[in-house]
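Structural features, examined
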Amino acid sequence: LEFAVKPERKAHLLIKLEKFNEAKQFVLGLEDSKKFQVLICEQARKKLKLELNANNFIEAIKLVEFCENEITEKNQILSSGRKFYNKKLNSAKNNEDINEIYNDLLLLEEFAGEFEAAAKIAEEVLKDIDKASFLYQKANLINRAIDVISTENFEKEKLVENRKRIAELHEEGGNLLKAA
């Protein structure tokens, strides 16, 4: 890459090396940028299919941004991922396996931007109140984030930390009186 003199050659190398972010930025300044964007899309789609065949849904979602029909593709991958993890849940033998599957599903939902669904998994299934509160905040459901963190019984060490967190959430939600 360092020794590629011609910009077109460098663009081709970036695409072949699957450095799609760099390639996308680099080709913007080229005359044939449309041609290279099509190449990026084609190569990303090939890689996306490989990731889907390997049931690596998170990596596939990361590649969606380089393809056309980004929203449709992401929804299809998310749907396939949910089906895959539901099948795995049906065959899970112990609680450890079930928790691992739900953690993977939570990551998939989070990468897909489905923060509310991820927060529900964290709260209801995994009982991870901190993560649920954080994900509800990312989903811009501030009141739900406050409710989740407020209803839990905490040890004395976490009490001060949680009060600070609740105050920050109230401030973000616009309730300055409760934040004080």
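See above for the structure.
Note that the coordinates shown come from a computational prediction; the quantities given were computed from them, not determined experimentally.

Notes on the overall build of the chain
If you tally the helices and strands in the chain, you get eleven helices and zero strands. From first element to last, N terminus to C terminus, the chain shows the α and β order α-α-α-α-α-α-α-α-α-α-α. Counting only residues that meet the buried cut, the chain has 33% of its 180 residues in that class. Look at the contacts in the chain between residues 6 or more apart in sequence, and 37% of them connect residues 24 or more apart. Surface summary for the chain: the accessible area is close to 11800 Å², and the carbon and sulfur share equals 48%.

Focus on helix α6 (residues 95–111)
For an α-helix, 3.6 residues make a turn, and residues three or four places apart therefore share a direction. The terminal C-alpha atoms of α6, which comprises 17 residues, lie 24 Å apart, in line with the 24 Å expected from a rise of 1.5 Å per residue. Within the span of α6, buried status applies to Ile 101, Leu 105, Leu 106, Leu 108, Glu 109 and Glu 110. Along its buried surface, α6 packs onto α4 (57–63), α5 (70–91), α7 (115–125) and α8 (129–138). The opening residue of α6, the one whose side-chain oxygen lies 3.3 Å from the backbone nitrogen of Glu 96, is Asn 94.

Looking at α7
All buried positions along α7 are accounted for by Ala 118, Ala 119, Ile 121, Ala 122 and Glu 123. Trailing α7 by a residue or two, Lys 127 shows a phi angle of about 55 degrees, which is positive.

Considerations on the packing of aromatic side chains
Taken as a whole and assessed by the stated rule, the structure comprises four aromatic pairs. Between Phe 57 and Phe 84, the ring centres sit 5.5 Å apart and the planes meet at 50 degrees, which makes this aromatic pair tilted. Here the residue Phe 57 occupies a position in helix α4, and Phe 84 occupies one in helix α5, the gap between them amounting to 27 residues. Given a relative accessible area of 23%, Phe 84 falls into the partly exposed group. Pairing Phe 57 with Tyr 85 gives two aromatic rings, centres 6.1 Å apart and planes at 65 degrees, and the pair type is edge-to-face. Taken together, the residues span a long stretch of sequence, with Phe 57 in helix α4 and Tyr 85 in helix α5 at a distance of 28 residues.

Examining the nonpolar core
Counting residues in each nonpolar core, the largest one holds 43 residues, and the members touching the most others are Ile 40, Leu 48, Ile 77, Leu 106 and Leu 108. In contact with Leu 108, other than residues within four places in its own chain, are Phe 57, Ile 58, Ile 61, Leu 78, Gly 81, Arg 82 and Tyr 85.

Calculation rules
Residues numbered from 1 in each chain as written. Predicted model: local features only at pLDDT ≥ 70, side-chain atom pairs only at ≥ 80, totals over all residues. Heavy atoms only, no water. Helix = DSSP H or I, 4+ residues; strand = E, 2+ residues; numbered from the N terminus. Buried < 20%, exposed > 50% of the residue type's maximum accessible area, 1.4 Å probe, protein only. Contact = heavy atoms within 4.5 Å. Areas by Shrake-Rupley, 256 points an atom, 1.4 Å probe, with all protein chains shown as cover. Expected span 1.5 Å × (residues − 1). Polar contact = N/O pair within 3.5 Å; in protein donor to acceptor, adjacent residues only side chain to side chain. Phe/Tyr/Trp six-rings, centres within 6.5 Å; stacked < 30°, edge-to-face > 60°. Core = buried A, V, L, I, M, F, W, Y, C linked by side-chain atoms within 4.5 Å.

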